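Notes for the structure review
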Amino acid sequence: TTVTSEQIEHLHRRFKQLSRDELTIRKENFDSIPDLEFNPIRGKIIHAFFDKRNLRQESDGLADEINFEDFLTIMSYFRPIEMNMDEEQLDRFRKEKLKFLFHMYDSDHDGKITLQEYRNVVEELLSGNPHLEKESARSIADGAMMEAASICVGQMGPDQVYEGITFEDFLKMWQGIDIETKMHVRFLNMEPIAPCY
Amino acid sequence: MFLLLPFNSLVVNLLGISITVLFTLLLVFIIVPAIFGVSFGIRKVYMKTLLKIFQWATLRIERGAKEKNHTLYKPYVNGIIAKEPTSLEEEIKEIRRSGSGKALDTPEFELSDIFYFCRKGIETIMDDEVTKRFSAEELESWNLLSRTNYNFQYISLRLTVLWGLGVLIRYCFLLPLRVALAFTGISLLVTGTTVVGYLPNGRCKEFLSKHVHLMCYRICVRALTAIITYHDRENRPRNGGICVANHTSPIDVIILASDGYYAMVGQIHGGLMGVIQRAMVKACPHVWFERSEVKDRRLVAKRLTEHVQDKSKLPILIFPEGTCINNTSVMMFKKGSFEIGATVYPVAIKYDPQFGDAFWNSSKYGMVTYLLRMMTSWAIVCSVWYLPPMTRQPEEDAVQFANRVKSAIARQGGLVDLLWDGGLKREKVKDTFKEEQQKLYSKMIAGNHEDRSRS
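Residues numbered from 1 in each chain as written. Chains lettered and ligands numbered in written order. Predicted model: local features only at pLDDT ≥ 70, side-chain atom pairs only at ≥ 80, totals over all residues. Heavy atoms only, no water.

The cut-off we apply is this: UniProt positions are given in the numbering used here, feature names are shortened, and annotations may be inferred rather than shown by experiment.
The name that an unreviewed UniProt entry assigns to chain B is GPAT4 acyltransferase, with the source organism given as Nyctibius grandis. Recorded under Subcellular location (unreviewed entry), the UniProt text for chain B is reproduced unchanged: "Membrane". What UniProt records for chain B under Sequence similarities (unreviewed entry) is the sentence "Belongs to the 1-acyl-sn-glycerol-3-phosphate acyltransferase family."

An unreviewed UniProt entry lists chain A under the name Calcineurin B homologous protein 3, with Nyctibius grandis given as the organism. In its Sequence similarities (unreviewed entry) section, UniProt records this for chain A: "Belongs to the calcineurin regulatory subunit family. CHP subfamily."

Next comes the structure, spelled out in structure tokens:
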């Protein structure tokens, strides 16, 4: 990867700040970021850091704590596109990022986004609005799920039950959206000091 | 053994003479001017010399870096990642457009909506505004303090020698001098105010009390080698008003009180602070609260109101941020002092970090360590601006008034005006803030949903 050593140093400093100079971070350490409280899916984002699927570990489930290497692994999902990537690399890049988002939806790790999980995400995203009743959030989620079903499976018979969105279906829904150009966090270049003569 | 004896007495004599000389110099050049409030301008000359030395040191570092063909990096001021300036609505619209081609006016949820929040979340995890404010501001040129150097590997021999000399001067000469001064200042304050306290109330007592306070604060200012520039002194706070300032360190009190006569507000502490506080209150009415009383906001407000309404009493000095901020921004002002209804005299204090970083990171350093750091810095240079008085307008409430004052202070001092609560350093975010972003999004999605019939 083309993450430079300065960027890694920055991230390391940030890691140390979050972990209060310890070697690992736990979920509680993310509580020290006030801006994150703004975010409705805060829980899911933090969860994503500890999700073993994202950490590319063989086992499944959640880790209790992550070290700096794991932190970098998660951050690597958000690295920007490199200019010299070919088709195959780009495709893999895109799939990786989408898999990260898929894991956010699929909270029970069964490889499918069920109606309940979908509802869960919508409710969280809309949870800030006190005027919105739970029923409305539910019906929005149901509507969206039906729509997803129609894209993935086409017309369903009256007895057919849609089990859930699999990763392939998920990919279909993101067709046309250039996620790989948007899902990244860019580092500002450090300005070099102009030497005086 | 014989040889040592005369040598010993010689050393003792030399020591004795040098100490006497030192103290005489101290008295003449520092304490006497402090008493009368005049200045010889020694500190300004000192400051100019130091600046020249710092410039030279920075040049050497750059030259060293050039020789090795590296580029030096200026520590980041604006954060390490590029944050997109687009808003929530624009981003979600854009993603939807490229995806399913649906417009935003159909209030439905899209799978891709999660993306915006996800990215924002990761951005804040990598780098956020608020936590940055709480660590010491990062400098551009090196000020010969090893605390503040990031390009350490480019230091040549000459520079190291200079730095070593600097350490020697600061720790062996300046530090004992400053400690001696501080000691003198504090003991004079305690004894002076106690003595004045025995006098009967009247103009004589007031006059003496004012001058004792001012004199001791001036000595303390010199003890820290604080070089202060006051601007707009005609706006200085008057009786019956409240003086409000931004807070960077406990030294703020000394800086303001050496130029004006204020009534302090605060909690009674134990130990040395407590002794000082109890002595001060004998000479003039400061407002000290017991620990238990501090929690009772109505009691606090009542006492402050009483004090303010008595026109013979001094202006109150308050720091509404509630905690020390690192002097690059001004955080939310607590509304308590703005509800009282007195005239508010805002004051902006801005420190120049080149000579010594005055910010007190109370979670990192205790009070004693902090004072030690202060006394071993080169100097504390700051500017104080007295802003014109403000009163609460009839149509605004206390919070709006507080924000107005805060903006004025931030603008004058060149500090960033932030909405965040300074108390965040220690506590968690209040729930009201959490709802903003969520509300916006849910309004977008479900805004018209109540009108649509449920299918």
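1. Considerations on the nonpolar core
Condition: In this text, buried Ala, Val, Leu, Ile, Met, Phe, Trp, Tyr and Cys residues form a nonpolar core when linked through side-chain atoms within 4.5 Å. Working definition: with a 1.4 Å probe on protein chains only, accessible area under 20% of the residue-type maximum means buried, over 50% means exposed, and in between means partly exposed. Numbered from the N terminus, helices here are DSSP runs of H or I no shorter than four residues, and strands are runs of E no shorter than two. Every residue pair with non-hydrogen atoms within 4.5 Å of one another is taken to be in contact.
Judged by nonpolar contacts, the single largest core of 58 residues is most densely connected at Phe 49, Phe 71, Leu 101 and Phe 170 of chain A together with Ile 125 of chain B. Contributing elements (two or more residues each) for this core: α1 (5-19), α2 (42-50), α3 (68-75), α4 (87-105), α5 (115-126), α6 (134-153) and α7 (167-173) of chain A together with α4 (114-126) of chain B. Looking at which element gives the most residues to this core, the answer is α4 of chain B, with eight residues. Excluding its chain neighbours within four sequence positions, the residues that come into contact with Phe 49 of chain A are Phe 30, Leu 55, Ile 66, Phe 71, Ile 74 and Met 75 of chain A together with Ile 122 and Ile 125 of chain B. With 49 residues, the next largest nonpolar core counts Val 212, Val 347, Tyr 370 and Met 375 of chain B among its residues.

2. Here we look at the sheet that holds strand β4 (residues 263-267) of chain B
Residue and element names in this part refer to chain B. For clarity, the cut-off: Following DSSP output, two strands are said to pair if at least two bridges run between them. Comment: axis = line fitted to C-alpha atoms, over the contacting stretch for helices; angle = value between 0 and 180 degrees taken between N-to-C directions.
Strand order in the open sheet formed by seven strands is β2-β9-β8-β3-β6-β4-β5, with mixed pairing between adjacent strands. Since the sheet does not close on itself, it has two edges, and those belong to β2 (226-231) and β5 (287-289), each with one partner. This sheet shows a mean twist of 25° between the axes of neighbouring strands, independent of strand direction. Two strands pair when backbone bridges link them, and β4 and β5 are joined in this way by three bridges, in the parallel orientation. Its bridge partner lying in β5, Gly 266 is registered against Trp 288. Across the sheet, helix α11 (residues 297-309) touches β3 (241-245), β4, β5 and β6 (316-318), and the angle it forms with β5 is around 170°.

3. Observations concerning the pattern of salt bridges
Note the threshold: For this document, the term salt bridge refers to a Lys or Arg side-chain nitrogen within 4 Å of an Asp or Glu carboxyl oxygen.
This structure, assessed with the given rule, holds eight salt bridges over all chains. Here Asp 31 of chain A ties to Arg 42 of chain A by a salt bridge, and the two come within 2.7 Å at their closest N and O atoms. Here Asp 31 of chain A, found in the loop between β1 (24-25) and α2, pairs with Arg 42 of chain A, found in helix α2; they are 11 residues apart in sequence, far enough to count as distant. Assessed through its relative accessible area of 31%, Asp 31 of chain A is described here as partly exposed. Residue classification places Arg 42 of chain A among the buried positions, given a relative accessible area of 17%. Asp 259 of chain B is the salt-bridge partner of Arg 236 of chain B, the closest N and O atoms lying 3.9 Å from each other. Of this pair, Arg 236 of chain B sits in the loop between β2 and β3 while Asp 259 of chain B sits in the loop between α8 (251-257) and β4, placing them 23 residues apart in sequence. Note on Arg 236 of chain B: relative accessible area 30%, which makes it partly exposed. Asp 259 of chain B sits in the buried class, given a relative accessible area of 8%. If you follow the salt bridges from partner to partner, you end up with Arg 233, Arg 236 and Asp 259 of chain B in one network.

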